[in-house]
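Structure at a glance
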Amino acid sequence: MDWKLPREGSCRCGQVRIRISAAPLVTMACHCIGCQKMSSSAFSLSAAIPADGFEVISGEPVVGGLHGATKHMFCPHCMSWMFTRPEGMDWFVNVRATMLDGAADFAPFIETWTAEKLPFAGTGAPHSYETLPPMDAYDGLMKEYAEWAGRA
């Protein structure tokens, strides 16, 4: 797949703009209740972008969500949830895929927290997990994702 990099995106109002210059490591849909509430939807969509391939190019996002060690970043004006910096995983940024221009390219490869999934919420993701994939599965999932997304 041609990821058309770099690729930009923004919050709903456009005050915060982001750019990715690296292809996703994996794309995901999360069905956890927290994501349902923060996204005001049945699930959140995200793309794990290598940290050195992500930047905020304008505006100043603010921490939202639970205000814990994991930083959920929002536009301070329109309150769009834009990206997450997971605690202890500084090597990637979890970008809300729908913030990026051309979001249709970011179909979810895995879906997580299906134990909390709303019964009508289907994603078509090839891999599903009741909670999260086991830690030792991520290397294989990222390799398989690269093939699935045409990057191998």
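Keep in mind that what you see is a predicted model, and the values were worked out from it rather than measured. Residue numbers restart at each chain and count upward from 1, following the sequence in its written direction. With the structure being a predicted model, the display of local features is reserved for residues of pLDDT at least 70 and the display and counting of side-chain atom pairs for 80 or more, all residues being used for whole-chain, interface and lining totals. Hydrogens and waters are ignored; side-chain quantities use all the structure's heavy atoms.

Side note on the state of the cysteines
Cysteine sulfur atoms are paired as a disulfide whenever they fall within 2.5 Å. For the structure on display, the rule yields zero disulfides. Considering cysteine sulfurs only, Cys32 is the nearest to Cys30, which forms no disulfide, with 3.6 Å between them. Residue burial is assigned from relative accessible area. The probe radius is 1.4 Å, only protein chains are included, and a residue is buried under 20% of its type maximum, exposed over 50%, and partly exposed in between. Look at Cys30 and you get buried, because its relative accessible area is 13%. The structure places no disulfide on Cys35, whose sulfur is separated from the nearest cysteine sulfur, that of Cys30, by 3.7 Å.

Concerning the sheet that holds strand E6 (residues 62–64)
Two strands qualify as a pair provided that DSSP identifies no fewer than 2 bridges between them. Think of it this way: any DSSP run of H or I at least four residues long counts as a helix, any run of E at least two long counts as a strand, and we number them from the N terminus. Taking strand neighbours across the sheet as the criterion, the eight strands line up as E6-E7-E8-E9-E4-E3-E10-E11 in an open arrangement whose pairing is mixed. Looking at which strands have only one partner, the edges of the open sheet turn out to be E6 and strand E11 (127–128). Across four bridges, strand E7 (residues 71–74) lies against strand E8 (residues 81–85) in antiparallel orientation. Residue pairing for E8: His72 is matched across the bridge by Thr84. Residues are treated as being in contact if the distance between any of their heavy atoms lies within 4.5 Å. Axes, fitted as lines to C-alpha atoms, cover a helix only where it is in contact. Angles between the N-to-C directions of the axes lie from 0 to 180 degrees. The strands that helix H2 (residues 138–148) touches are strand E3 (26–30), strand E10 (110–112) and E11; relative to E3, the one it contacts most, it runs at about 105 degrees.

Focus: the layout of surface pockets
In this model, the largest pocket occupies a volume close to 860 Å³. Cavities and pockets are defined on a 1 Å grid built over the protein atoms alone: a cavity is a set of grid points where a 1.4 Å probe fits but cannot escape, while a pocket is an open set with protein on both sides within 12 Å along at least five of seven lines, and lining residues are those with an atom within 4 Å of any such point. Contributing to the lining of the largest pocket are 36 residues, with Pro86, Met89, Phe92, Asn94 and Leu132 lying nearest its centre. Secondary structure elements with two or more residues in the lining of the largest pocket: E3, helix H1 (33–39), strand E4 (44–50), E8, strand E9 (92–96), E10 and H2. Here the lining of the largest pocket is composed, by residue class, of 23 nonpolar, 11 polar and two charged. Lining the second largest pocket are 13 residues, with Ser39, Trp81, Arg96, Thr98 and Met99 sitting closest to its centre. Within the residue set of the lining of the second largest pocket, elements represented by two or more residues are H1 and E4. Three classes are used: nonpolar for Ala, Val, Leu, Ile, Met, Phe, Trp, Tyr, Cys and Pro, charged for Asp, Glu, Lys and Arg, and polar for all others, with Gly counted as polar. Classifying every residue of the lining of the second largest pocket gives six nonpolar, six polar and one charged. Grid points are joined across faces, edges and corners, and a volume is the space filled by probe spheres set on the points.

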